[in-house]
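Secondary and tertiary structure notes
Spelled out, the chains give:
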Amino acid sequence: MNLISRLLNNGINVTALVGESGTGKSFRAKLLAQKSGIEAIIDDGLLIRDDKILAGRTAKHEKTYMGAVRIALFDDKAHRDDVAKALKANKIKKLLIIGTSEKMVQKITTRLQIPLPSKIIKIEDIANREEIEKAIRSRQIEGKHVIPVPAIEVKKTYSQIFHDSIRDIAKKSAFNFLKKKKDKSVLEKSIVTPEFSKKGRIEISEAALSQMVMHCIEEFSPEVRVKKLGIRTDNRGYRLVITVDVPFGRQLTGEIHKLQQYIIENIEKYTGILIEEVSIIIDKISVQKPTK
């Protein structure tokens, strides 16, 4: 049993807040947590509780987009262990995890070895279209990101990315789906401008990703022949469409599923990017002749 397994109490109840990048999830996270009685938040590599950063590293401090993705997904073991210890030491029972997709949240829970979300809230459930579009414009045009902790917390460690602070009065919230008593507390958040936003979004090239996929297929089975490879991308991750000739015969379904998992696991392991989907289209099946 590894360190995280020994430290964590599986009694943690996890809620997920998901939505595409730049739609205002971090901005609304503190109020959502407060209204739902959630003690702590995991957002872009940080564990946050009561206006304090308990553990972790912020992905927004990274100089490249790919580096930020790795931090947000807890790709580094030391980073994972740091947050695991803090979850245990602070006896966190209710946790909100913010992610761009359900798959991202599932990957975080798997790496931290905590339960999958018992509830998934989409950004569209707590923000209207106008609010989401405003958040997207702020992200795309100004490169502004939000960390759901007060300015003093961000300045202590990440002064170079600090931009401004914002205060939000809870009673003015549009969280109509939460029917609880009015709360007039003031929630302060910090606006930051990450290095990767200043330099532009850095992504893996299609050529490099194609080479990795081809290598994975060759490793899995040299007899699989790739006829066509398509790559699509959005804010949630990458989608691969692969047309192949295969030799699997009667074990076709099981082998194709194994190949999909092999590609996903290896690409995500070595790059940190999210592979949302691998679709394999079989053009031709070659049934192997039994050996004498």
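Residues numbered from 1 in each chain as written. Predicted model: local features only at pLDDT ≥ 70, side-chain atom pairs only at ≥ 80, totals over all residues. Heavy atoms only, no water.

On to helix α3 (residues 65–72). For α3, the buried fraction is high: seven of the eight residues fall into the buried class. Where α3 ends, the next residue or the one after it, Phe74, has phi of about 55°, a positive value. (Buried < 20%, exposed > 50% of the residue type's maximum accessible area, 1.4 Å probe, protein only. Helix = DSSP H or I, 4+ residues; strand = E, 2+ residues; numbered from the N terminus.)

Turning next to the packing of helix α10 (residues 206–220) against helix α11 (residues 252–271). Following both chains from N to C, one finds α10 and α11 inclined at 135°, their axes separated by 10 Å at the closest point. In terms of their interaxial angle, α10 and α11 are classed as oblique. Crossing hand, α10 versus α11: right-handed. Together, Leu209, Met212, Val213, Cys216, Ile217, Glu219 and Phe220 of α10 and Glu255, Lys258, Leu259, Tyr262, Ile263, Asn266, Ile267 and Thr271 of α11 make up the contact between the two elements. Considered class by class, the residues forming the contact of α10 with α11 number ten nonpolar, two polar and three charged. (Axes fitted to C-alpha atoms, helices over the stretch in contact; angles between N-to-C directions. Parallel < 35°, antiparallel > 145°, perpendicular 65-115°, else oblique. Left-handed = near helix turned anticlockwise from the far one by under 90°. Contact = heavy atoms within 4.5 Å. Nonpolar A, V, L, I, M, F, W, Y, C, P; charged D, E, K, R; others polar.)

Turning next to helix α5 (residues 102–112). Owing to its 3.6 residues per turn, the α-helix brings residues three or four apart onto one side. Along α5, the residues that are buried comprise Met104, Val105, Lys107, Ile108, Thr109, Arg111 and Leu112. Of the residues flanking the end of α5, it is Gln113, one or two places downstream, whose phi is positive at about 55°.

If you walk across this open sheet you meet the three strands as β10-β11-β12, and the pairing is mixed. Looking at strand neighbours, the two that pair on one side only are β10 (225–234) and β12 (275–285), the edges of this open sheet. This sheet shows a mean twist of 15° between the axes of neighbouring strands, independent of strand direction. In terms of strand pairing, β10 meets strand β11 (residues 237–246) through nine bridges, oriented antiparallel. By the bridge assignment, Leu229 is partnered in β11 with Ile242. Along the sheet, α10 makes contact with β10 and β11, crossing β10 at roughly 135°. (Pairing = 2+ DSSP bridges.)

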